[in-house]
Amino acid sequence: MFNAILSGYLLGLSLIVAIGAQNAFVLRQGLRGQHVLPVVLTCALSDAVLIVGGVAGLGWLVERWPGLLPVLRYAGAAFLLAYALRALWSAWTATTGLDPAAGEGAGRAATLATCLALTWLNPHVYLDTVVLIGSVASRFGELKVWFGLGAVAASFSFFFALGFGARLLRPLFAQAAAWRVLDGVIALVMGGLAFKLLV
């Protein structure tokens, strides 16, 4: 049982630790201290739903409806490209550093809508969680539930650490240059992902 949990945890962590659109968004919200709990819960619970679906054997949905992934791919690419352009504009025009007391930022509903789009419009999330984790989990036989729990635990621990740990970087992001670099990196990551989805 412990081996299944640990294997699930390590695989889950390896799939989400690389910087991507979702992680960059969570980091940004954590730095700003805006809607951090709802954002990390949305990301972790979304992953949990997808992982449970994969462990339960729902990978056949992706195989049965192959037209689903292209739709998600183009919608996700359009969304990522728009977000990349927004981040690029922010990197180009930023003149101030982080001031947590300044401005309200986006409302909770708009923030969560962006978070959900970054999660559910990414076709790679289905391949990683539903297909990959689901297929590896099947190798554990009766212990696949424990494997899935390990992967879910990895998602929760990572997103909570990223979202709430970002505050430790706030002194660095009090400088406008740091924000410009972060927004530039976010623009490159999102633009690169959009290009990768299209090509």
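Some points on the confidence of the model for the protein
Here is step 1 of the chain: With 87% of its residues at a pLDDT of at least 70, the protein reaches an overall mean of 81.
Here is step 2 of the chain: The lowest-confidence element of the protein is helix H4 (residues 59–64), averaging 64 in pLDDT; the highest-confidence one is helix H8 (residues 144–165), averaging 93.
Here is step 3 of the chain: In this model, residues 99–103 is a region of pLDDT below 50 whose contacts with residues beyond four sequence positions or in other chains number one contact.

Details of the nonpolar core
Grouped burial of nonpolar side chains is what soluble globular proteins tend to show.
Here is step 1 of the chain: In this structure, Val26, Leu31, Leu80, Phe159, Leu182, Ile186 and Met190 are the most contacted members of the largest nonpolar core, which totals 32 residues.
Here is step 2 of the chain: Those elements that place two or more of their residues in this core are helix H2 (21–32), helix H3 (36–55), helix H5 (68–93), helix H6 (108–120), H8 and helix H9 (176–198).
Here is step 3 of the chain: Of the residues forming this core, the biggest block, eight residues, is contributed by H9.
Here is step 4 of the chain: In contact with Phe159, other than residues within four places in its own chain, are Ile16, Gln22, Asn23, Val26, Val40, Cys43, Ala44 and Asp47.
Here is step 5 of the chain: In this structure, Ala4, Val136, Ala137 and Phe147 belong to the second largest nonpolar core, which totals 11 residues.

A word on a nonpolar patch on the surface
Here is step 1 of the chain: Together, Met1, Leu143, Val145, Trp146 and Leu149 make up a nonpolar patch on the protein surface, roughly 450 Å² of accessible area in all.
Here is step 2 of the chain: Mapped onto the elements of the fold, Leu149 is located in helix H8.
Here is step 3 of the chain: Given a relative accessible area of 44%, Leu149 falls into the partly exposed group.

Overview of the state of the cysteines
By definition, a disulfide links the sulfur atoms of two cysteines through a covalent bond.
Here is step 1 of the chain: Under the counting rule described, the total for this entry stands at zero disulfides.
Here is step 2 of the chain: Unpaired in terms of disulfides, Cys43 finds its nearest cysteine sulfur in Cys115, a separation of 3.4 Å.

Details of the layout of surface pockets
Here is step 1 of the chain: A volume near 560 Å³ is recorded for the largest pocket.
Here is step 2 of the chain: In this structure, the largest pocket is lined by 30 residues; those nearest its centre are Leu15, Gly20, Asn122, His124 and Asp128.
Here is step 3 of the chain: For the lining of the largest pocket, the secondary-structure elements that each account for two or more residues are helix H1 (2–16), H2, H3, H5, H6, helix H7 (123–138), H8 and H9.
Here is step 4 of the chain: Split into classes, the residues belonging to the lining of the largest pocket amount to 16 nonpolar, 11 polar and three charged.
Here is step 5 of the chain: Size it by volume and the second largest pocket reaches roughly 310 Å³.
Here is step 6 of the chain: Lining the second largest pocket are 16 residues, and of these Arg28, Gln29, Arg32, Tyr83 and Arg86 sit closest to its centre.
Here is step 7 of the chain: For the lining of the second largest pocket, the secondary-structure elements that each account for two or more residues are H2, H5, H6 and H9.

The rules behind each value
- Residues numbered from 1 in each chain as written.
- Predicted model: local features only at pLDDT ≥ 70, side-chain atom pairs only at ≥ 80, totals over all residues.
- Heavy atoms only, no water.
- pLDDT = per-residue confidence, 0-100.
- Helix = DSSP H or I, 4+ residues; strand = E, 2+ residues; numbered from the N terminus.
- Contact = heavy atoms within 4.5 Å.
- Core = buried A, V, L, I, M, F, W, Y, C linked by side-chain atoms within 4.5 Å.
- Buried < 20%, exposed > 50% of the residue type's maximum accessible area, 1.4 Å probe, protein only.
- Patch = residues over 30% accessible without salt bridge, like charges linked within 9 Å, V, L, I, M, F, W, Y side chains within 5 Å.
- Areas by Shrake-Rupley, 256 points an atom, 1.4 Å probe, with all protein chains shown as cover.
- Salt bridge = Lys/Arg side-chain N within 4 Å of Asp/Glu carboxyl O.
- Disulfide = S-S within 2.5 Å.
- 1 Å grid on protein atoms, 1.4 Å probe; cavity = no way out; pocket = protein on both sides within 12 Å on 5 of 7 lines; lining within 4 Å.
- Points joined across faces, edges and corners; volume = space filled by probe spheres on them.
- Nonpolar A, V, L, I, M, F, W, Y, C, P; charged D, E, K, R; others polar.

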